[in-house]
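Single-letter residue listing:
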Amino acid sequence: MDASNEQNGTKKHNAWVGSAGAAGYDLRSDTMTTPTASMLAAIQSCSLLDDVFAEDPTTIDLESHCAALAGKEAGLFVLSGTMGNQLALRSLLTQPPHGVVCDYRSHIVKYEAGGVSALTGAMVKPVVPKNGIHLTLEDVKDNVYLDDDVHTCPTRAISLENTLNGMIMPLDEVRRISEFAREHGIKLHCDGARLWEVVASGAGSLTDFAACFDTVSLCFSKGLGAPIGSVLVGDKNVIKHARWVRKSIGGGLRQSGVVTAAARVAVDETFGKGPNGEGGLLRETHVLAKEVAKIWTDLGGKLFHPVHTNMVWLDLDDAQCSAARIDELGKELGLKLMGNRMIIHYQIYQNRDFVVPRLETIFKTVFQEKANKAAPSEGVTAETSMYRTQ
Ligand SMILES: Cc1ncc(COP(=O)(O)O)c(C=O)c1O
């Protein structure tokens, strides 16, 4: 064994290998993407000054670059997508009684530990979109409270998630909702954890989408592949307030350059250099996601949601396959799966020659087993919690 590769008897190994590492086999989430060698190089040459004092050039540069891409005045680096959403809503809302309207499948209602009610005191109104894909202005109008009747909880914010389950809310619809919100003094937030994907699909530029919102939160650590972080963009006043709230919940950072340097590489290399994702890597993942979906449907499978971007949702109920069974089939062939949701992130794309034939084998086994079965299995539906174990 090479002595230089050994420390305290433990073999060191280099994990900065991109798609050759764990992420190249992991379709559970785009959060599984791992940072790359070029991110490591950027970390090695980042500035190391204090961000609570707002003195760190690498961080300031990332914040202003993202704000510029989105056409907003200011940006604030935050530790997670959850933190971005929560700071945004806390900063947009003033005092109860107030309500937030959103899609019933939104991350802010399903997966943020009840943060909106705990941090803002707002009543969340989760809405089922009539078209099954995204909210429309008509859905919003049916669910807002605009009057000052003492019995009602007035709607003060609308939070739109784009993409939601990989599906796109088109720019025209966002614009309709935005006009309505502005007309009625309602604030509009975008959980844009994957807005990069919307842009990469050609549905509109980051600037076009962001112009509709008061605040937009964008994640670096999902499809873009950075290890940590998100950015919240908006006007100077709202971002100043969010910085304050961030401090109050322990999110003030010291030498944040070590994480913001990697995030900048993620934006430049994975999303691309301009507001339309010019030169980025996301578009080809959408093409591959459609190919994977086609392998499934050609075998007779149904999809739970249409494939607009990088997510493929299999209808496992229809295929009479349980989440546990498909995970097991994946494990046997060296793939990490999580039930009916498959995420084709860019490191899966880079490892596609390994992944796609194995997915095909798994899908064929699923349908072979269905054919062999007499009675239907219990299966899963898409709207259970991903994290629920009972
Ligand atoms: C749409 C959406 N918003 C927000 C988040 C929260 O991001 P984080 O896990 O960084 O808190 C996620 C996480 O997967 C998400 O999918």
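Rules used in this analysis
- Residues numbered from 1 in each chain as written.
- Predicted model: local features only at pLDDT ≥ 70, side-chain atom pairs only at ≥ 80, totals over all residues.
- Helix = DSSP H or I, 4+ residues; strand = E, 2+ residues; numbered from the N terminus.
- Rg over C-alpha atoms; globule rule 2.2 N^0.38 Å.
- Buried ≥ 20, exposed ≤ 12 C-beta atoms within 10 Å, placed from the backbone.
- Contact = placed C-beta atoms within 7 Å.
- Expected span 1.5 Å × (residues − 1).
- Arc of directions from axis to C-beta.
- Domains from an automatic or database assignment.
- Nonpolar A, V, L, I, M, F, W, Y, C, P; charged D, E, K, R; others polar.
- Pairing = 2+ DSSP bridges.
- Right-handed = clockwise from strand over helix to strand, strands pointing away.
- Near = placed C-beta within 6 Å.
- Axes fitted to C-alpha atoms, helices over the stretch in contact; angles between N-to-C directions.
- Parallel < 35°, antiparallel > 145°, perpendicular 65-115°, else oblique.
- Left-handed = near helix turned anticlockwise from the far one by under 90°.
- UniProt positions renumbered as here; feature names shortened; annotations may be inferred.
- Core = buried A, V, L, I, M, F, W, Y, C linked by C-beta atoms within 7 Å.

## With respect to the overall build of the protein
1) Next: For the protein, the helix and strand inventory stands at 15 helices and eleven strands.
2) Next: Here the C-alpha radius of gyration of the protein, 22 Å, is about what a compact globule of 390 residues would show, namely 21 Å.
3) Next: Its C-alpha atoms give the protein principal-axis dimensions of about 60 × 60 × 40 Å.
4) Next: Counting only residues that meet the buried cut, the protein has 48% of its 390 residues in that class.
5) Next: Sequence separation of 24 or more characterises 73% of the internal contacts of the protein that already satisfy a separation of 6 or more.

## Quick notes on helix α7 (residues 171-183)
1) Next: If you check α7, its first and last C-alpha atoms are 18 Å apart, about what 13 residues at 1.5 Å a residue would give, namely 18 Å.
2) Next: Buried within α7 we find Glu 173, Val 174, Ile 177, Ser 178 and Ala 181. Down the axis of α7, the buried set is contained in an arc of 135°. They therefore lie on one face. Summarising the geometry of α7, the exposed residues directed more than 90 degrees from the buried face are Asp 172, Glu 179 and Glu 183.
3) Next: On the buried face of α7, the contacting elements are α6 (137-143), β6 (155-161), β7 (187-192) and α9 (206-210).
4) Next: Note on α7: the residue one or two positions beyond its end, Gly 185, has a positive phi of about 65°.

## Points about the domain arrangement of the protein
1) Next: Domains assigned within the protein are domain 1 (14-30 + 281-372) and domain 2 (46-271).
2) Next: Residue contributions to the side of domain 1 that touches domain 2 peak at three residues, all from helix α12 (residues 282-298).
3) Next: When grouped by side-chain class, the residues that make up the side of domain 1 that touches domain 2 number seven nonpolar, seven polar and two charged.

## Describing the environment of Thr 260
1) Next: As for its placement among the helices and strands, Thr 260 is situated in helix α11 (residues 257-271).
2) Next: Each C-alpha atom, one on Thr 260 and one on Thr 34, is 15 Å from the other, the two residues being 226 residues apart in sequence.
3) Next: With sequence-adjacent residues up to four places away left out, Thr 260 is seen in contact with Thr 58, Thr 59, Leu 62, Phe 77 and Gly 229.

## Description of the environment of Tyr 25
1) Next: Considering the arrangement of structural elements, one finds Tyr 25 in the loop between β2 (10-11) and α1 (37-44).
2) Next: Residues contacting Tyr 25, with those up to four places away along its chain left out, are Gly 334, Leu 335, Lys 336 and Asn 351.

## Thoughts on the pairing of β7
Regular strands place side chains that alternate from one sheet face to the opposite one.
1) Next: In terms of residue burial, β7 counts as a mostly covered element, since six of its six residues are buried.
2) Next: Examined bridge by bridge, β6 and β7 share five bridges and lie parallel to one another. Looking across to β7, one finds that Ile 158 is bridged to Leu 188.
3) Next: Handedness of the β6-α7-β7 crossover: right-handed.

## A look at the site of the ligand
1) Next: Taken together, the neighbourhood of the ligand is formed by Thr 31, Ser 80, Gly 81, Thr 82, Asn 85, His 107, Glu 161, Asp 191, Ala 193, Cys 219 and Ser 221.
2) Next: In terms of residues, the shell around the ligand owes the most to one element, helix α3 (residues 81-92), which gives three residues.
3) Next: Residues that form the shell around the ligand fall into these classes: two nonpolar, seven polar and two charged.

## Digging into the packing of α1 against α11
1) Next: Here α1 crosses α11 at 135°, and the two axes come no closer than 8 Å. The angle between the axes of α1 and α11 places the two elements in the oblique class. Judged by the twist between their axes, the crossing of α1 over α11 is right-handed. Of α11, the residues touching α1 (which contributes Ser 38, Met 39, Ala 42 and Ile 43) are Val 258, Ala 261, Ala 262, Arg 264, Val 265, Ala 266 and Glu 269.
2) Next: Grouping the constituent residues of the contact of α1 with α11 by class yields eight nonpolar, one polar and two charged.

## Considerations on the sheet that holds strand β4 (residues 99-103)
1) Next: The strand order β3-β9-β8-β7-β6-β4-β5 describes an open sheet built from seven strands, whose pairing is mixed. Looking at strand neighbours, the two that pair on one side only are β3 (74-78) and β5 (123-127), the edges of this open sheet. Across this sheet, the average inter-strand angle for adjacent strands is 20°, counted without regard to direction.
2) Next: One ladder, built from four bridges, connects β4 with β6; its direction is parallel. Paired with Gly 99 across the bridge in β6 is Thr 155.
3) Next: Relative to the sheet, helix α2 (residues 57-70) contacts β3, β8 (215-219) and β9 (230-234), its axis offset from that of β3 by approximately 125°.

## Some details on the UniProt feature "domain: Aromatic amino acid beta-eliminating lyase/threonine aldolase" (unreviewed entry) in the protein
1) Next: Cross-referencing UniProt, the feature "domain: Aromatic amino acid beta-eliminating lyase/threonine aldolase" (unreviewed entry) maps to residues 26-318 in the present numbering.
2) Next: Measuring from the first to the last C-alpha atom of residues 26-318 gives 24 Å, for a span that is 41% helix and 14% strand.

## Brief notes about the nonpolar core
1) Next: Counting residues in hydrophobic clusters, the biggest one holds 105 residues, and the most contacted among them are Cys 66, Ile 158, Leu 195, Leu 232, Ala 262, Ala 266 and Val 312.
2) Next: No other element matches α11, which puts nine residues into this core.
3) Next: Excluding its chain neighbours within four sequence positions, the residues that come into contact with Leu 232 are Gly 75, Leu 76, Val 78, Gly 84, Leu 87, Ala 88, Thr 215, Ser 217, Ile 239 and Ala 242.

## Considerations on unusual backbone geometry
1) Next: Residue Pro 97 is reached from Pro 96 by a cis peptide bond, and omega for that bond is 0°.
2) Next: When you line up the elements, Pro 97 lands in the loop between α3 and β4.
3) Next: In the segment running from Asn 162 into Thr 163, the intervening peptide bond is cis, with an omega of 0°.
4) Next: Phi is positive for Asn 165, which is not a glycine, with a value near 50°.
5) Next: When the 20 C-beta atoms within 10 Å are taken as the criterion, Asn 165 is described as buried.

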